[in-house]
Every structure is written in C-alpha cells, then in structure tokens.
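Residue strings, one per chain:
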Amino acid sequence: MDFTRRAALMTSAAIAANVVDPFRAFAQQAPRKGGVFVVHYGAEQRQLNPSLQASTGVYIIGGKIQEALVDLDAAGNPVGVLATSWEATPDGKTITFKLRQGVTWHDGKPFTSADVQFTAMEMWKKILNYGSTLQLFLTAVDTPDPHTAIFRYERPMPLNLLLRALPDLGYISPRHLYEGKGDIRQNPVNLAPVGTGPFKFVSYERGQHVIAERHDGYWRGPANLDRIVWRVITDRAAAAAQMEAGQLHYSPFSGLTISDMARLGKDPRFVVSTKGNEGNARTNTLEFNFRRKELADIKVRQALAHAINVPFFIENFLGDFAKIGTGPIPSVSTDFYPGANTPQYPYDKAKAIKLLDEAGLRPGAGGTRLTLRLLPAPWGEDISLWSTFIQQSLGEVGVRVEIVRNDGGGFLKSVYADHAFDLATGWHQYRNDPAVSTTVWYRSGQPVGAPWTNQWGVADATLDKIIDDAATEVDAAKRKALYGDFVKRANGELMIWMPIEQIFVTVITAKARNHSNTPRWGSTSWHDLWLAE
Amino acid sequence: MHILRLAGRRLAASIPTLILILVGVFLLLQLAPGDTVDAMMAQMGGGDARTAEDLRRFYGLDLSVTAQLGNYLWRLIRFDLGFSAIYGKPVAQVIAERLPATILLMTASLSFAFFFGIVFGVIAARGVNRWPDTLISTLGLIFYATPSFWFGLMAIVVFSIYLQWLPAGGLSDITQVKEGIWLVLDTARHLVLPTLTLGLIFLAIYLRIMRASMLEVLTLDFVRTARAKGLDETRVVVRHVLRNALLPMVTLIGLQAGTMLGGSVVVESVFSLPGLGRLAYESVVQRDLNTLLGIIFVSALLVIAVNFVVDLVYARLDPRIKTEG
C-alpha cells in the first residue's frame, strides 16, 4: 500500500514535469523521413481486421493498414477519411456518404462504394461486435455510383450517433478479397489485412511480431516512417524493461504497470500521458445483483456507495491516471456529459450505517450485517486494488465481502451468464456515444450471457423508455437532453455505480513527433507520425 | 530392427496413459467457468449477444460435452489435432511454429546446466567440506532458491538497461533484416540471458546430484581396486568414478525432459520468447481446448521418446543393464 501511494505521488510530479515539453507544436520542424517505430503489443487477438472486431488490440495494428469512413479530429469532431461528406434526410432513415476518389487498395484495385456496401452489410451488420447492434435496422446500402453510398435504415438513425460510432465501427474491407471466398471469419486475409491505409502488411509471426511497411501510393502522400513493428510482450514488467533498453518506442493503452508508468514518467527519454486517449474513456463499476433481496433495496445500494471513500482511493492508488466519476457518461464526452448535478453518493460512513439500519440489516454475530460475494474482473491492476478497497471499506460498516477471482472467460460467464455474484466490478467502456456500449448496461431485456449488459435482474420502465427514445432521436440537442435524463435516472436508481473515470495512459519515446494529436490516436493511421534523431 | 520393435512396444504400452491424460484434461477444462467465446469477448473488451451466439455456433460449442469429446477423439485417431480457435489455423501447424524456440531454449539451458553441473559437482566432491565445496554448494542453493522471474528481470536490468550489452527480449532483432551467420549470432545473443536464467535452476539441481553421486561412488570397492592397481587420481575419477556417477544424472535428464518440453511460462514471458509454455498458458486462459490438448499430446509423445533414448543410453553407460529389461 505504501509503495503504491509513493508511486502515485511520483506520478503526479512526473506528469507535471512532462506537461511543458512533449506536446509543443513540432509543425515548424520538417518531419524526418524513415525509421522503424516499435510498438508494444500486449494481447494478441485472433485476427487483425477492424471491420470484424472492434477492440483496441485490433486497431493498434489494423488501424494503420485499413481506414474508416470517418475519424475524430483533434477537437473530437467527426472528420472524413474515406468519406468526404455526409448528409441525412430529415426523417433520419437515409444517410448518404460521398466517398473519396482516387483511393486504391494496397493490391492496386480501386476503392469504391461496392466495398462500403459489402463491408456494411456483410461485416458490420453480421459479425462486428457492437456493429451488429448499431446496424440492426440497416436494411440496405445503395450504390448509385462508385463514389456514393446511401445507407437506408428501417428506423431513424441519429446522424451524430452514426458519426461518433463510425471511427471505431466504420472500417472498410476490400470486397474483392472477401466476396465469394467462403466464410468471412476464416478468410486468411484477416491475418494479413489489405487496406487503403499508409502502411501495408508485411508479416505476422504469432507470439513474436507483426511488421508493416510504408505504402508509397497512399492517398495523403507517403507516411514518414519506413516500417512499424509490433512486438508481442505479454509480461508488463518485461515491456517496461524493453522500453528502457530502447527496444520499444511506444506502449499504448496503459500497457505497463502503474508503478512503471509513474517511474518512466520521470525519465526525460519518455512521455507518459493520457493525452490522445480521450476517445477511449472507461469507468470503474460496482455492479449489484438484484436477485439478492438485500441488494434489491435501494437503501442498501446507497449505503454501500456512501461507505466507500472514492477520492481517497484515487489519490492513493491511481494518482493522476484517474478522476472521480459522476455516472455512466464520462466528463471527456463533451457532446453528452450532463455535468455533475445528478444524484451522487459522497463518502459518509455515518449515513451508510444509518441507511443499513433503516434497511433492517442489524449487526449480527461479530458485527456482521451482511456477507456478499464480490467478483473483480481480471482486466487491470486498478480493478484488483479497487476490489480490495471495497472489501475493506464495506468491512468498516459491517458488510463482509468475500472476493472471488476468475480469469477473463470465467468472470464473464459467472457474472453475465450464470449470475453467480452479489457484487461485481470491472470497466464500462464508453465509446463516444452512449448508444454504442453504455445504455446496454441499463436497458432491460438483454439476452442472458451477453457480457457488459444489464444482467442485474432488474428492469426500470422509465429508464428503458429514455434509452429507446434517445437511440432514435435525430435532433442532436434533444438527444443530449435525453441522455441528461438518462444519467439522472440511472444515478438515482443506482442500478450500477460508476464512481471512477479513467483514460488510458500512453508511454512513448520522447523522439516521437505528431503523436497523441487526436482523441483516439493509438487506433489511428499514424500517417504523419515521425521519429526525430 | 530389435530397437524398432522395442520402440513400437513402448509406444503401444503408453497409449492407454495418453488417452487417460487427454480425456482427463478435456474434462478438467470443462470445469473451468466460461468457454472460448467468453474468453474472446473478454479479450475484445466488448461484444453483444448476437455476436456471442453466432460465435458459439462457429466454434461448435453448441454441441454437448460428450459429443465434443467424441469428435475430438475420433479426429485424434486419424492424427488430426483439430483447428485452433485463437490462431485460426490447424493445431499441428501452431505447435510446429512454437517448437523450434522451445527446443532451442531448452537444449541450450539443459546443456549448460548439465555440463557445468558435472564440472562443479566433481569439483565440489573432490574438495568435500573444504572451501570449493562450501562455495559451490552455497551458490547452488542461492540459484535454486531464487525465483526465475526475479532472476530474469534483474539480468535485464543489469545487462540490458544498465550495461547495454545484451538485448532485453525477443528471439532476434526484427528492426533489421539479417541473414546467414549474422542471424545465428544475433539469435545466440538474444538467447544468452534466457538460457542463463533458466539454466541456473537446473544447474543447482545437477550439481547437487552430481556431488552426492560422486561421493557415493568414491567409497565403492572398485575405486579402491583402481587406486590399488596404481592408477593416477585423474584416471580414477574420469574413467571409473565419473562414468558410474553419471547414471543418476541421465535419469534426471529423462525426467526433466517433460518439464522442459512443457516450456517455461515465466522465462518465456519475461524474455518475450514464442515458446510452448506461453502457448499452453494462453490456450488455458482463452479456453482453446484443441490447442491445449494438442500441446499435451505432443509433449507426452516426446517424453515417451526421450525416456526411450535414456534407456538406451543407460545400457551404453552400464553394460549390466540390458535394453530388453
């Protein structure tokens, strides 16, 4: 505990020291051509095509080779990549994209609206995680000419939802390499992707490395780097050592341990920062199983929240890498954040004890009022620390907590399929629009076993209606207001508590230029990235 | 011909054991909560119900456990190890890709440990209870008691970060293209630290065994006879004592071949090497049954083979033992 606190304090100092230097504009400096950029790849995925799998582990590689219709600019607004402009009809059922001309795939074939049509109908709608939900009411993609794609929806699709979802869920794949080539999931191209991006795939040695090299025919002009090499390193401490030995240039998405990130932050050879990850926000959760009758009582849920000192935890364990969360929509989401003026549960031990008394949970033998099983997700050390902190905090008010640890598959099965938990804690990933992966945590009627959805054994009709209305509201202002109501209701009912907000941390060599300049930089194409001498 | 017949008989005798092991592991993994789709969802960090349902059908997980086991054994009879869920290719190919690194690392560290184990064991036994013995035995204990991940990380800190003599991990330098002798030298450089880290633990065991076995053999009658007939000390040790003292070492190598082929998760992870240990670990976490069973199957076969070779070596070292046994 002592060590963690010291590490966290060092972090604060480190980030403060680094803020001045790393993000100065280097635009006046002429980019150096050449160089090999070596990236830490912590968790190998089963394939590399981002049209088929939405996760940072795929974007970190596939996002350099394939491109999406739109991306987010430095301010977080949608900006065209393979699309140049877009337009929606007032009823929200037809959205037209104009596509970039003169773009070719790495194998020389031209990129056209037929690729968009095929990817949307066969990949996004049928296979892509979250894509299949987002595009559930997509009925057809019309292609009147090679540079126009018209998306037709059965129900209104808010344009701002689609544009905020597409940077992650809008990668395009080459139709000519997939159509009529059998099962899309087993297509060998998935492990040797072909795209329109600034880097083309060279080789993939499983368990060792992936290599891509500059594509000279890139539509924006050739990239600065010669090659990118992703090295598979599963051990976090080993990755930190390799950063120090100069064998790695970049460890994305909080790939190192908290103490190593803090330590490297003090080293002038590295930049350690959350900048460039604003589009990958997440909140730490406390999930309640309403099938336990004690937890179905809102007073008990409120008492548990009031018993935990969140600011203390953040200050001592996570340092500058986290801040207090105010609900399911994190503060970095400027389009939807409703402010902190929603029901909150600040630390108040006396109130927690009073609420438990009111709920009829009197201390029994040994002062124990209630015993609960807590299942922490194995995704990161912050969750492990947080679960121990919950255990100790709740012990103070007479709630005994037994921690049951599982690996990833076991955790998801126990919580979301078997419902064998009382409390669970993990991450809720926010994907720039609440309709993508946030509201499913609250909307009732989710199929049993669907991870990260409402499996709490509770349905709230009011919340369901707000969620459904917001998902098809085409007026941006009204939509924002609806999501404000959503957060108020969600926090008031305390179906899930989301008291901590985090952004991934980047560790990168100080020689890198033009890095971390967009909210989802680790996932983007790096066409302008370069390495100084 | 005689040896071949013997090998065939050994293999046939181990088939029931093999089947028991495979069925046991299959059933054990059924007890672990979650399947490969849950693990995949966990790895993707997000997924919806429609995707999950579709994937379960795709991986054949909608079948009953008995049907899955039956399918697996039927495929195995036809020497088909199946398809790996995480790697998207045949298991045999996945294992073949990982074998070279494992065998390279293990042969290197075992040879290192075996050779220096003999040398230090003999030195310690010759100077028993005097300073060389105390020094060697103490060092051996330290090596044995140190966790290999700590040893590995400290070696990286000293030799890679501080002194910058050796690379911190990987099998070769992939930022440059190397060929021929340069590739061999580069790989050798990359293998120094992992070999030492893994070898030091084996070394500790070997030198203890060698020392004990030397001390025992030195007291036997034929040693006295050898000395009595006027042989000098070096000849006594090398020709008479060493040869007999080697028997327990050979047994040990046979036993450790199993551990060795299973790979070392810790050393492979710390030095980011693509070996079988990490592959097995990932298969468990990802609930990739086919790959895990495939690794167990191949390792079991290799252990049987190594033990067979050990028996042959026995016969060479000690003519009293016949391979017919």
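Up top you'll find the structure we're talking about.
Quick summary incoming for the structure in this document. Along each chain, numbering runs from 1 in the same order as the chain's sequence is written. Both sets of labels track the order of writing: A upward for chains, 1 upward for ligands. Given that the model is predicted, a residue must reach a pLDDT of at least 70 before its local features are reported, and side-chain atom pairs must reach 80 or more before they are shown or counted; all residues, however, enter totals for whole chains, interfaces and linings. Heavy atoms throughout the structure, all of them, feed into the side-chain values; hydrogens and water do not.

Focus: the overall build of chain B
Thinking step 1. Working definition: helices are DSSP H or I runs of at least four residues, strands are E runs of at least two. Numbering for both runs from the N terminus. What chain B contains, in helices and strands, is 13 helices and 0 strands.
Thinking step 2. Its helices and strands taken in sequence order, chain B reads α-α-α-α-α-α-α-α-α-α-α-α-α from the N to the C terminus.
Thinking step 3. The principal-axis extent of the C-alpha atoms belonging to chain B is close to 85 × 55 × 40 Å.
Thinking step 4. Relative to its full complement of 325 residues, chain B shows a buried share of 47%.
Thinking step 5. Restricting the contact set of chain B to residue pairs at least 6 apart, pairs at least 24 apart contribute 71%.
Thinking step 6. Total accessible area computed for chain B in this model is approximately 16300 Å², and 70% of it derives from carbon and sulfur atoms. Partly exposed describes any residue whose relative accessible area lies between the buried limit of under 20% and the exposed limit of over 50%, with all areas from a 1.4 Å probe on protein chains only and scaled to the type maximum. Any two residues having at least one pair of non-hydrogen atoms within 4.5 Å are treated as being in contact. We get accessible surface area from the Shrake-Rupley algorithm with a probe of 1.4 Å; when it comes to residues, only the shown protein chains can shield them.

Some details on the interface of chain B and chain A
Thinking step 1. On the chain A side, the residues contacting the 49 residues of chain B number 56 residues.
Thinking step 2. Both faces combined, the contact of chain B with chain A buries some 4200 Å², and carbon together with sulfur accounts for 55% of it.
Thinking step 3. The term salt bridge refers to a side-chain nitrogen of Lys or Arg lying within 4 Å of a carboxyl oxygen of Asp or Glu. The shortest N-O distance in the salt bridge between Asp 407 of chain A and Arg 287 of chain B comes to 2.8 Å.
Thinking step 4. When contributions to the side of chain B that touches chain A are tallied by element, the ones reaching two or more residues are α2 (36-44), α3 (49-58), α5 (91-126), α7 (148-162), α11 (265-270) and α12 (276-285) of chain B.
Thinking step 5. Top element by residues in the side of chain B that touches chain A is α2 of chain B. It accounts for 8 residues.
Thinking step 6. By the convention adopted, Pro, Cys, Tyr, Trp, Phe, Met, Ile, Leu, Val and Ala count as nonpolar, Lys, Arg, Asp and Glu as charged, and the other residues, Gly among them, as polar. Looking at the side of chain B that touches chain A, its residues break down into 24 nonpolar, 15 polar and 10 charged. Buried area, as used here, totals the accessible surface that two parts lose on assembly, with accessibility defined by a 1.4 Å probe and the loss added over both.

A closer look at the environment of Asp 38 of chain B
Thinking step 1. Tracing the sequence through the fold places Asp 38 of chain B in helix α2.
Thinking step 2. The spatial distance from the C-alpha of Asp 38 of chain B to the C-alpha of Pro 274 of chain B is 24 Å, given a sequence separation of 236 residues.
Thinking step 3. If sequence neighbours within four positions are ignored, Asp 38 of chain B has contacts with Gly 409, Leu 412 and Lys 413 of chain A together with Arg 56 of chain B.
Thinking step 4. A distance of 3.2 Å separates a polar atom in the side chain of Asp 38 of chain B from a polar atom in the side chain of Arg 56 of chain B. Here a polar contact is recorded for every N or O atom pair within 3.5 Å, except that within protein the pair must consist of a potential hydrogen donor and a potential acceptor, and residues adjacent in sequence are included only if both atoms are side-chain atoms.

Observations concerning the sheet that holds strand β5 (residues 94-99) of chain A
Residues and elements named next belong to chain A.
Thinking step 1. Strand order in this open sheet of 4 strands is β4-β5-β7-β6, and the pairing throughout is antiparallel. The sheet terminates laterally at β4 (83-88) and β6 (138-145), the two strands that pair on one side only. For this sheet, the mean angle separating the axes of adjacent strands, direction not counted, is 20°.
Thinking step 2. Along the sheet face, helix α3 (residues 113-124) touches β5, β6 and β7 (148-153) and points at about 170° away from the line of β6.
Thinking step 3. Most of the contacts of helix α5 (residues 159-169) go to β5, to which it runs at about 45°, and overall it touches β4, β5 and β7. For two strands to be treated as a pair, DSSP must find no fewer than two bridges joining them. As a rule, the C-alpha atoms of each element are fitted with a line to give its axis, helices using only the stretch in contact, and angles between N-to-C directions run from 0 to 180 degrees.

Focus on a nonpolar patch on the surface
All names here are of chain B.
Thinking step 1. In this scheme, patches are assembled from residues that exceed 30% relative accessible area and form no salt bridge. Like charges are connected within 9 Å, while nonpolar side chains (Val, Leu, Ile, Met, Phe, Trp, Tyr) are connected within 5 Å. Taken together, the side chains of Phe 149, Trp 150, Met 154, Val 157, Val 158, Phe 159, Tyr 162, Leu 163, Trp 165, Val 265, Val 266 and Tyr 281 make up a nonpolar region of the molecular surface, amounting to roughly 1200 Å² of accessible area.
Thinking step 2. Broken down by secondary-structure element, the contributors of at least two residues to the nonpolar patch are α7 and α11.
Thinking step 3. Residue contributions to the nonpolar patch peak at 7 residues, all from α7.
Thinking step 4. The class of Tyr 162 is exposed, set by a relative accessible area of 69%.

That is the geometry; function is a separate question.
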